[in-house]
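This is what each chain is made of:
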Amino acid sequence: MSAPIDRPRRLRRSAAMRALVAEVHLRVDDLVAPLFVREGIDEPQPIESLPGVVQHTRESLRAEVAELKALGVKAVILFGVPAEKDAVGSGAYDPDGIVQVALRDLVSDHGDDMVLMADLCVDEYTSHGHCGIVVDNGLGALVVDNDATLEIYARAAVAQADAGAHVVAPSGMMDGQVAVIREALDDAGHTEVAILAYSAKYASALYGPFRDAVDVTIADDGDRKGYQQDHRNVREAMREVELDIAEGADMVMVKPALAYLDVISEVANSVDVPVAAYHVSGEYAMIHAAGERGWIDADAVALEHLTAIKRAGANIILTYFTRWFAERGVEGV
């Protein structure tokens with residue numbers, strides 16, 4: 001008798017069979033919706049490079065979060081666009097800054113029924129577009145002063161927690177930021193506020209649409225390669241992750257996602273805290289641009305991207321596709 005033929009296709013013969021044996025299931029519970037709220041506008045402002053995404057007013061933000069909650073979304077992360085910017089990004093820690101007032105609105109609406117995250121950085125608030133306090137390096141270039149910036153982050157963390165944030169998410173990639181933020185939160189009585197650390201945030205070319213969304217231009221055609229990670233390195237990412245966890249991070253994140261699936265996998269296999277990944281603005285915009293031209297099936301590619309990120313090991317995915325996914329009720333096919 002001849003040996004039996006191995007036929008793995010038996011497990012792919014129908015949609016029901018494929019769903020039964022799927023190794024990864026993507027759920028709306030896995031997703032976090034990034035939302036922008038802008039000070040001093042009367043109606044939502046579309047963001048041209050992010051189709052379907054807007055800069056919200058306080059009231060439209062409240063409506064959006066209520067609708068997301070009704071769709072089953074459990075978490076949002078807020079980014080603020082202030083009316084005025086300054087050299088130190090004071091709007092990030094002003095009790096009446098746009099994110100702080102928006103957090104108070106949402107806490108009033110939802111309490112603990114929606115996880116309210118706040119991006120903790122100052123680039124949206126600074127006149128120079130960097131993620132911290134800048135000084136001249138003596139050669140005519142602006143560089144970020146790491147330790148001076150930490151003081152600003154600590155103040156912003158407490159302001160966000162005072163306003164009701166359940167999670168603060170430091171994204172500036174300053175050395176020691178998690179330790180300083182944890183100490184500041186604890187000293188202010190916010191021991192229950194969690195920290196989602198942007199631990200492996202790469203100096204990526206995929207952030208352009210996001211900068212449109214928060215009206216950020218880096219002064220003197222500068223970049224953030226001096227403090228965000230080099231796209232060629234993985235070991236560096238692991239060192240950053242380990243340091244953040246040692247300093248008190250409750251969750252860690254890799255950003256961007258799709259070009260860094262190997263990093264997500266490495267982190268997920270090495271740590272015992274939840275791992276997040278940010279499917280960033282450029283990844284979202286590319287899908288829409290190609291879909292609008294008929295070059296790809298945008299919906300199918302979006303689902304493929306998100307499933308790949310989950311398959312790589314991310315427990316949490318920040319994505320501009322959150323509402324799209326929730327409205328369709330799809331759970332990875």
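Residues numbered from 1 in each chain as written. Predicted model: local features only at pLDDT ≥ 70, side-chain atom pairs only at ≥ 80, totals over all residues. Heavy atoms only, no water.

## Section: the overall build of the protein
Across its full length, the protein holds eleven helices and twelve strands. Taking 20 Å as the expected radius of gyration for a compact globule of 333 residues, we find that the protein reaches 20 Å, a close match to that expectation. For the protein, the residues scored as buried account for 51% of the 333 residues in total. A separation threshold of at least 6 residues defines the contact pool for the protein, and within that pool the share at least 24 residues apart is 74%. Counting every atom, the protein has about 15500 Å² of accessible surface; 49% of that belongs to carbon and sulfur. Seen as two clouds, the 29 positive and the 54 negative side-chain charges of the protein have centres 11 Å apart. (Helix = DSSP H or I, 4+ residues; strand = E, 2+ residues; numbered from the N terminus. Rg over C-alpha atoms; globule rule 2.2 N^0.38 Å. Buried < 20%, exposed > 50% of the residue type's maximum accessible area, 1.4 Å probe, protein only. Contact = heavy atoms within 4.5 Å. Areas by Shrake-Rupley, 256 points an atom, 1.4 Å probe, with all protein chains shown as cover. Lys, Arg positive; Asp, Glu negative; His and termini not counted. Charge placed at Lys NZ, Arg CZ, Asp CG, Glu CD.)

## Some remarks on the pairing of strand β8 (residues 167-170)
Both faces of β8 are covered, namely the face carrying Val167 and Ala169 and the face carrying Val168 and Pro170. As paired strands, strand β5 (residues 115-120) and β8 are joined by four bridges and run parallel to one another. Each residue of the ladder has a partner; that of Ala118, found in β8, is Val168. Strand direction decides the pairing type here: β8 and strand β9 (residues 194-201), joined by two bridges, are parallel. (Pairing = 2+ DSSP bridges.)

## A short note on the pairing of strand β11 (residues 275-279)
Of all the five residues making up β11, five are buried; the element is thus mostly covered by neighbouring parts of the structure. Here β11 shows two buried faces, one formed by Val275, Ala277 and His279 and the other by Ala276 and Tyr278. Relative to β11, strand β10 (residues 251-255) runs parallel, the two being bridged by three bridges. Looking at β11, one finds that Val252 is bridged to Val275. Between the parallel elements β10 and β11, the chain passes through helix α8 (residues 261-268) in a crossover that is right-handed. Relative to strand β12 (residues 316-319), β11 runs parallel, the two being bridged by four bridges. Along β12, the bridge assignment pairs His279 with Thr319. (Right-handed = clockwise from strand over helix to strand, strands pointing away.)

## Structural notes on helix α7 (residues 235-247)
In a regular helix each residue adds 1.5 Å, so 13 residues correspond to 18 Å; α7 covers 18 Å between its end C-alpha atoms and thus fits that length. Listing the buried residues of α7 in full gives Ala237, Met238, Glu240, Val241 and Asp244. Summarising the axial view, the buried residues of α7 lie within an arc of 160°, below the 170-degree limit, and thus occupy one face. Turned more than 90 degrees away from the buried face of α7, the exposed residues are Arg235, Arg239 and Ala246. Count one or two residues on from α7 and you reach Gly248, which has phi positive near 120°. (Expected span 1.5 Å × (residues − 1). Arc of directions from axis to C-beta.)

## Details of the side chain of Lys201
Turning to its location among the elements, Lys201 is positioned in strand β9. No salt bridge forms around the buried Lys201; measuring N to O, its nearest opposite-charge neighbour Asp123 is 5.8 Å away. Within the local environment of Lys201, its side chain forms a polar contact with the backbone oxygen of Ser171, the two atoms lying 3.1 Å apart. For Lys201, the residues in contact, after removing those within four places along its chain, are Ser171, Met173, Tyr207, Gln228, Gln229 and Lys255. (Salt bridge = Lys/Arg side-chain N within 4 Å of Asp/Glu carboxyl O. Polar contact = N/O pair within 3.5 Å; in protein donor to acceptor, adjacent residues only side chain to side chain.)

## A few points about empty space enclosed by the protein
Going through the model one piece at a time under the given rule, you end up with one cavity of 30 Å³ or more. Asp123, Lys201, Phe210, Arg224 and Lys255 are, among the 13 residues lining the largest cavity, the residues nearest its centre. Mapped onto the lining of the largest cavity, the elements with two or more residues apiece are β9 and α6 (208-213). When the residues that make up the lining of the largest cavity are grouped by side-chain class, the tally is five nonpolar, one polar and seven charged. (1 Å grid on protein atoms, 1.4 Å probe; cavity = no way out; pocket = protein on both sides within 12 Å on 5 of 7 lines; lining within 4 Å. Points joined across faces, edges and corners; volume = space filled by probe spheres on them. Nonpolar A, V, L, I, M, F, W, Y, C, P; charged D, E, K, R; others polar.)

## Focus on the side chain of Ser171
Within the fold, Ser171 resides in the loop between β8 and α5 (177-187). At 2.9 Å, the side chain of Ser171 forms a polar contact with the side chain of Asp119. Aside from chain neighbours lying at most four places away, what touches Ser171 is Asp119, Leu120, Cys121, Gln177, Tyr198 and Lys201.

Keep in mind these numbers describe shape, not what the thing actually does.
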